[in-house]
Amino acid sequence: MQLVRRGQAAAFEVIYERHSQAAFSLAYRMAGSRGVAEDVVQEAFLNIWRSGARYERSRGSVRTWLLGIVHHRAIDALRRSFVHEKRRASDEGLEETLETGERTDVEAARHEEAATVRAALEHLPSEQSQVIELAYFGGFTHTEISDMLETPIGTIKGRMRLGLEKMRHALGSGQVSLG
Amino acid sequence: MSTPGPDHQSWSDAVGAYLLGALPPEERAGFESHLAGCPVCRSDVGDLQVAADALLVSVPLITPPAALKDRIMTVVRSDAELLAAAGERADRPAPAARVPGRPRRSFAAWFLRPGLALASVLVLVAGAGLAVVLSGGEDTRTVIASTQAPAAEVRLEIRDDHSTLVARNMPAPPSGRIYQVWLKRPDRAPAPTSVLWSTREDGSAEVAVPGSLEGVEAVLVTDEPEGGSQQPTKPPVITAPVV
């Protein structure tokens, strides 16, 4: 990141190569549309290019920091009017068509890591995994989820917290490395 | 044991929603304000952050299209070359006309200045949809340009023999300066053009860029001293990748 901070395009390209797949995957998972996912990733990476000085090691790995930016950008995109209606309506099955054919060791480790976290999520009581999915990947606020599920906001908040606590317990320290 | 901050009772159930990004903006701001003064909630957030971060990498992996990288790297290389070009000039003594003792702020210094870097980020966010091809008529292609002016909308209409920058809500250049158009070709410093312009009172402008853009990867605009420059002295206020 030091090189990126000094404005070196080649260093930035390495960062892109290393993290673009995870970034695009997250954006696509949230937006449900290839076009919106591309816009989100483009905005996030150019944001990072022009603000490299904002990364601090104390805030976690570059990947976590970068994916956090993608997540925020995707939520913004989802909350911009029309996307909520349009997403999930198209591009179904893109996972299969874009899935990487030959996996490197790093990619294989990341597939395994993703599967581990998904398993932890799927093992939650359904009412907890549901609110986590709707909030984190759907970009819905607690109020919207409360209306959607006809459940009090306090209950929704409680399920979110309980779900995260159980996930943390299931994953344990060190089982999932976000390096 | 830490003492809860004021209003802890009313905020303590918001930790999960906060980490999942589920608080509406105003409530999020309120919680962050509470967080600053509540060690108990800070500790809760720290404990559960690992679970929220894990969600970031839980999605099935899919490969982004190569064209996405091309678009991003076109902008990045343009910025980097502008930075390099301005960086060389930044080492020269400040011109005599400038206020003594006040260092000339180079593009490099601007670029690395945290506050302004943040501003450029916010502006970039406002310029969403960068380089999206809007239409593809028989002889005209239109792309949306990124701009540093938050409310501005700028597009580049590309034709075979000439192109036009069309701006709306674009602020006028600073006093004593004028907008200049540059053509960026791969692996070369931005080439100056004689196209110097300003905006109308309502912030609109239609700027003719003569000639073909074949071989050009981006059309850039900087604000320069009146009469223009041979090398850019500022970062671009408009970047229109010719994709």
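That block above? That's the structure.
Computed from a prediction, not measured in an experiment: that's the story for all the values here.

1. So, the overall build of chain B
Along the backbone of chain B there are seven helices and ten strands. When each of the 243 residues of chain B is scored for burial, the buried share is 38%. In chain B, the share of contacts with a sequence separation of at least 24, taken over all contacts with a separation of at least 6, comes to 57%.

2. Some remarks on the overall build of chain A
Looking only at helices and strands, one finds ten helices and zero strands in chain A. Going from N to C terminus, chain A has its helices and strands arranged as α-α-α-α-α-α-α-α-α-α. Evaluated residue by residue, chain A yields a buried proportion of 42% over its 179 residues. When contacts within chain A are restricted to residue pairs at least 6 apart in sequence, long-range pairs at least 24 apart make up 69% of them.

3. Focus on the interface of chain B and chain A
Listed by partner, the interface residues are 51 residues for chain B and 64 residues for chain A. Contributions of two or more residues to the side of chain B that touches chain A are made by α2 (15–19), α4 (39–56), α5 (66–90), α6 (107–112) and α7 (114–126) of chain B. In terms of residues, the side of chain B that touches chain A owes the most to one element, α5 of chain B, which gives eleven residues. A breakdown of the residues in the side of chain B that touches chain A according to their chemical character gives 38 nonpolar, six polar and seven charged.

4. Examining the packing of helix α9 (residues 142–149) of chain A against helix α10 (residues 153–171) of chain A
All names here are of chain A. Two elements in contact, α9 and α10, have axes separated by 9 Å at closest approach and are oriented at 110 degrees. On the basis of the axis angle, α9 is roughly perpendicular to α10. Note on packing geometry: the crossing formed by α9 with α10 is right-handed. Where α9 approaches α10, its residues His142, Thr143, Ile145 and Ser146 are matched on the opposing element by Ile153, Ile156 and Lys157.

5. Let's talk about the sheet that holds strand β7 (residues 191–197) of chain B
Residue and element names in this part refer to chain B. Taking strand neighbours across the sheet as the criterion, the five strands line up as β3-β10-β9-β6-β7 in an open arrangement whose pairing is antiparallel. The sheet terminates laterally at β3 (146–147) and β7, the two strands that pair on one side only. Where strand β6 (residues 177–184) lies against strand β9 (residues 218–225), eight bridges are found, and the strand directions are antiparallel. Bridge pairing links glutamine 180 to threonine 222 in β9.

6. Examining unusual backbone geometry
Positive phi is not limited to glycine here, since glutamate 150 of chain A has a value of about 50 degrees. Inspection of the secondary structure assignment puts glutamate 150 of chain A in the loop between α9 and α10. Despite not being glycine, asparagine 169 of chain B shows a phi value in the positive range, around 55 degrees. Topologically, asparagine 169 of chain B is positioned in the loop between β5 (162–168) and β6.

7. Notes on the nonpolar core
In this structure, Ala23, Ala27, Ala31, Val40, Val41, Val70 and Ala135 of chain A are the most contacted members of the largest nonpolar core, which totals 73 residues. At ten residues, the largest contribution of residues to this core is made by helix α2 (residues 9–31) of chain A. Sequence-distant contacts of alanine 23 of chain A, that is, excluding residues within four places in its chain, are made with Val41, Ala44, Leu66, Leu67 and Val70 of chain A. The next biggest cluster of nonpolar side chains, apart from the first, holds 25 residues, and it includes Trp182, Ala218, Ile238 and Val242 of chain B.

8. Points about the packing of α2 of chain A against helix α3 (residues 34–49) of chain A
All names here are of chain A. One can describe the packing of α2 onto α3 by two numbers: an axis separation of 9 Å at closest approach and a directional angle of 140 degrees. Comparing their axes, α3 and α2 come out oblique. Crossing handedness for the pair α2 and α3: right-handed. Residues Phe12, Tyr16, Ser20, Ala23, Phe24, Ala27, Tyr28 and Ala31 of α2 form the contact with α3, whose own contacting residues are Arg34, Val36, Ala37, Val40, Val41, Ala44, Phe45 and Trp49. Counted by class, the contact of α2 with α3 contains 14 nonpolar, one polar and one charged residues.

9. Topic: the environment of glutamate 107 of chain A
The topology assignment puts glutamate 107 of chain A in helix α7 (residues 105–122). Linking glutamate 107 of chain A and alanine 22 of chain A, residues 85 residues apart in sequence, is a C-alpha distance of 9.7 Å.

10. As for α7 of chain A
With 18 residues, α7 of chain A extends 25 Å between its outermost C-alpha atoms, agreeing within 8% with the 26 Å of an ideal straight helix rising 1.5 Å per residue. Of all the positions in α7 of chain A, only Glu113, Ala114, Val117, Ala120 and Leu121 of chain A are classed as buried. Around the axis of α7 of chain A, the buried residues are gathered within 120 degrees of arc, so they sit on the same side. α7 of chain A presents Asp105, Ala108, Glu112, Ala115, Ala119 and Glu122 of chain A as exposed residues on the side facing more than 90 degrees away from its buried surface. On its buried face, α7 of chain A is in contact with α8 (126–137) and α10 of chain A together with α4 of chain B.

11. Quick look at the pairing of strand β4 (residues 153–158) of chain B
Residues and elements named next belong to chain B. The alternating pattern of β4 places Val154, Leu156 and Ile158 on a buried face and Glu153, Arg155 and Glu157 on a face that is not buried. With four bridges joining them, strand β2 (residues 141–144) and β4 adopt antiparallel strand pairing. Its bridge partner being in β4, arginine 141 is matched across the sheet by isoleucine 158. For β4 and β5, the ladder comprises six bridges, and the chain directions are antiparallel. If you follow leucine 156 over to β5, its bridge partner there is leucine 165. Between β4 and β5, which pair antiparallel and follow one another directly, the connecting turn spans three residues.

What counts and what doesn't
Residues numbered from 1 in each chain as written. Chains lettered and ligands numbered in written order. Predicted model: local features only at pLDDT ≥ 70, side-chain atom pairs only at ≥ 80, totals over all residues. Helix = DSSP H or I, 4+ residues; strand = E, 2+ residues; numbered from the N terminus. Buried ≥ 20, exposed ≤ 12 C-beta atoms within 10 Å, placed from the backbone. Contact = placed C-beta atoms within 7 Å. Nonpolar A, V, L, I, M, F, W, Y, C, P; charged D, E, K, R; others polar. Axes fitted to C-alpha atoms, helices over the stretch in contact; angles between N-to-C directions. Parallel < 35°, antiparallel > 145°, perpendicular 65-115°, else oblique. Left-handed = near helix turned anticlockwise from the far one by under 90°. Pairing = 2+ DSSP bridges. Core = buried A, V, L, I, M, F, W, Y, C linked by C-beta atoms within 7 Å. Expected span 1.5 Å × (residues − 1). Arc of directions from axis to C-beta.

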